[in-house]
Amino acid sequence: MKIILFSRQGVVHTAGDLHQMFDAIARFGFDYAVNEEFAPQIERLTGISIDAAHRYGRPMGPQPAESVLVCYGGDGTLLDGIHRLGGAEIPVIGINSGHLGFLTSVPRNGCIGDVFELIAAGKLECQPRSMLEVTGDFGDGISTRYAVNEVVIQRQGAGMISVETYVNDQMVATYHGDGLIVSTPTGSTAYSLSVGGPVMVPQSGTISLTAVAPHSLNVRPIVLRDDWEITLDVESRSHNFWVSVDGRSETCREGTRLTIRRAEYFIRIV
């Protein structure tokens, strides 16, 4: 069994928590790897030396099938860790040391050792979660991004944008306002929830469309089957707009067509 540890800069780490992790790794004889941003913080706080053979970068590279990704931080850290997997369906568990803990379900105080004991005993219960695949011209030619939570189309500058929306090539609506959120069930408790979107059960097989500050009294969230294809054509007064995929934003030019569908692979949340 291999433990893939992930954290990022800005997370508050404590020497006590890190010692608990590495004591458990040694006790159960796990192999391990640490992302290159996290390793120096471990060394500084604990004095444990992390050699090059136990570090990984971006991308993570192939990992053994018998691996578990352990993310230390908040929900944002967990999302970053999942994106490092590059589609590998490795179980993911979050230890919550951040502010939000919808996905990072393990409290840090007194429970870290229990997590590794469950891993060693093979008693982890995993829940598959769907992802979104968005394809479009992101400035480097037609390319694809993947989202655990959501794809957000947002205005740049003061002017509103118009998002012409098709589902399976059928016109659904043109959203005029600050933007549009296309969300998975996992992401339904994230940005979508804060603008009035529905909460969706992870196993529901759905995708939601939720407008951001729409310039209409009649616009309401829409819930769709996740095996349907969504196509977005965007017009903007500034001639540019943001596409944010799990909080990672890129500028796109007006006229860019985006296609969103359920990804072929799932993530496995412990």
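Details of the structure are given in the entry above.
Small disclaimer: the values here were computed from a predicted structure and weren't measured. (Residues numbered from 1 in each chain as written. Predicted model: local features only at pLDDT ≥ 70, side-chain atom pairs only at ≥ 80, totals over all residues. Heavy atoms only, no water.)

**With respect to the overall build of the chain**
Working step 1: Check the secondary structure of the chain and you find five helices and 20 strands.
Working step 2: Overall, the chain is about 60 × 35 × 30 Å in size when its C-alpha atoms are taken along their principal axes.
Working step 3: Expressed as a percentage of the 270 residues in the chain, the buried residues total 48%.
Working step 4: Look at the contacts in the chain between residues 6 or more apart in sequence, and 64% of them connect residues 24 or more apart.
Working step 5: When the accessible surface of the chain is split by element, carbon and sulfur atoms take 50% of a total near 12400 Å². (Helix = DSSP H or I, 4+ residues; strand = E, 2+ residues; numbered from the N terminus. Buried < 20%, exposed > 50% of the residue type's maximum accessible area, 1.4 Å probe, protein only. Contact = heavy atoms within 4.5 Å. Areas by Shrake-Rupley, 256 points an atom, 1.4 Å probe, with all protein chains shown as cover.)

**A closer look at the environment of Ser208**
Working step 1: Among the secondary structure elements, Ser208 is positioned in strand β14 (residues 206-212).
Working step 2: Classification of Ser208 as buried rests on a relative accessible area of 0%.
Working step 3: Sequence spacing of Ser208 and Met21 is 187 residues, and the spatial spacing of their C-alpha atoms is 38 Å.
Working step 4: Residues within four places of Ser208 in sequence aside, it is in contact with Ile181, Val182, Ser183, Ser192, Pro198, Met200, Ile222 and Val223.

**A look at the packing of helix α1 (residues 15-28) against helix α2 (residues 39-46)**
Working step 1: Direction vectors running N to C along α1 and α2 enclose 105°, while the axes themselves pass 9 Å from each other. Regarding the angle of α1 to α2, the classification is roughly perpendicular. The segment α1 lies against α2, with Ala15, Leu18, His19 and Phe22 engaging Gln41, Ile42, Leu45 and Thr46.
Working step 2: Across the contact of α1 with α2, the residue classes break down as five nonpolar, three polar and no charged. (Axes fitted to C-alpha atoms, helices over the stretch in contact; angles between N-to-C directions. Parallel < 35°, antiparallel > 145°, perpendicular 65-115°, else oblique. Nonpolar A, V, L, I, M, F, W, Y, C, P; charged D, E, K, R; others polar.)

**Some words on the environment of Glu150**
Working step 1: Mapped onto the secondary structure, Glu150 falls in strand β10 (residues 150-155).
Working step 2: Note: C-alpha distance between Glu150 and Gly57 (93 residues apart in sequence) is 25 Å.
Working step 3: Setting aside chain neighbours within four positions, we find Glu150 in contact with Leu132, Ile181, Val182, Ser183, Gly187, Ala190, Tyr191, Ser244, Val245, Asp246 and Gly247.

**Here we look at the pairing of strand β17 (residues 240-245)**
Working step 1: Burial within β17 is extensive, with five of its six residues counted as buried.
Working step 2: Pairing of β10 with β17, which is carried by five bridges, proceeds in the antiparallel orientation. When the bridges of β17 are listed, Arg155 appears paired with Phe241.
Working step 3: With six bridges joining them, β17 and strand β18 (residues 248-253) adopt antiparallel strand pairing. Bridged to Ser244 within β18 is Ser249.
Working step 4: Hairpin connection between β17 and β18: a loop of two residues separates the two successive antiparallel strands, and Asp246 in this loop has a positive phi of roughly 50°. (Pairing = 2+ DSSP bridges.)

**Details of the sheet that holds β18**
Working step 1: Taking strand neighbours across the sheet as the criterion, the six strands line up as β15-β14-β13-β10-β17-β18 in an open arrangement whose pairing is antiparallel. In this open sheet, the two strands that pair with only one neighbour each are β15 (222-225) and β18. Taking each pair of neighbouring strands and ignoring which way they run, the sheet shows an average axis angle of 20°.
Working step 2: Pairing geometry for β10 and strand β13 (residues 179-183), over five bridges, is antiparallel. Across the sheet, Ile153 pairs through a bridge with Leu180, a residue of β13.

**Quick look at the side chain of Ser162**
Working step 1: On the secondary structure map, Ser162 appears in strand β11 (residues 161-167).
Working step 2: One polar contact links Ser162 to His176, side chain to side chain, over a distance of 2.7 Å.
Working step 3: The residues contacting Ser162, other than those within four sequence positions of it, are Thr174, Tyr175, His176, Asp233, Val234 and Glu235. (Polar contact = N/O pair within 3.5 Å; in protein donor to acceptor, adjacent residues only side chain to side chain.)

**Observations regarding the sheet that holds strand β19 (residues 257-262)**
Working step 1: Within the open sheet, the six strands sit side by side as β9-β8-β19-β16-β11-β12. Their pairing is antiparallel. Looking at the sheet topology across the chains shown, the edges are occupied by β9 (142-147) and β12 (170-177). In this sheet, adjacent strand axes meet at a mean angle of 20° when their direction is disregarded.
Working step 2: Relative to β19, strand β8 (residues 132-137) is paired through four bridges, and the arrangement is antiparallel.

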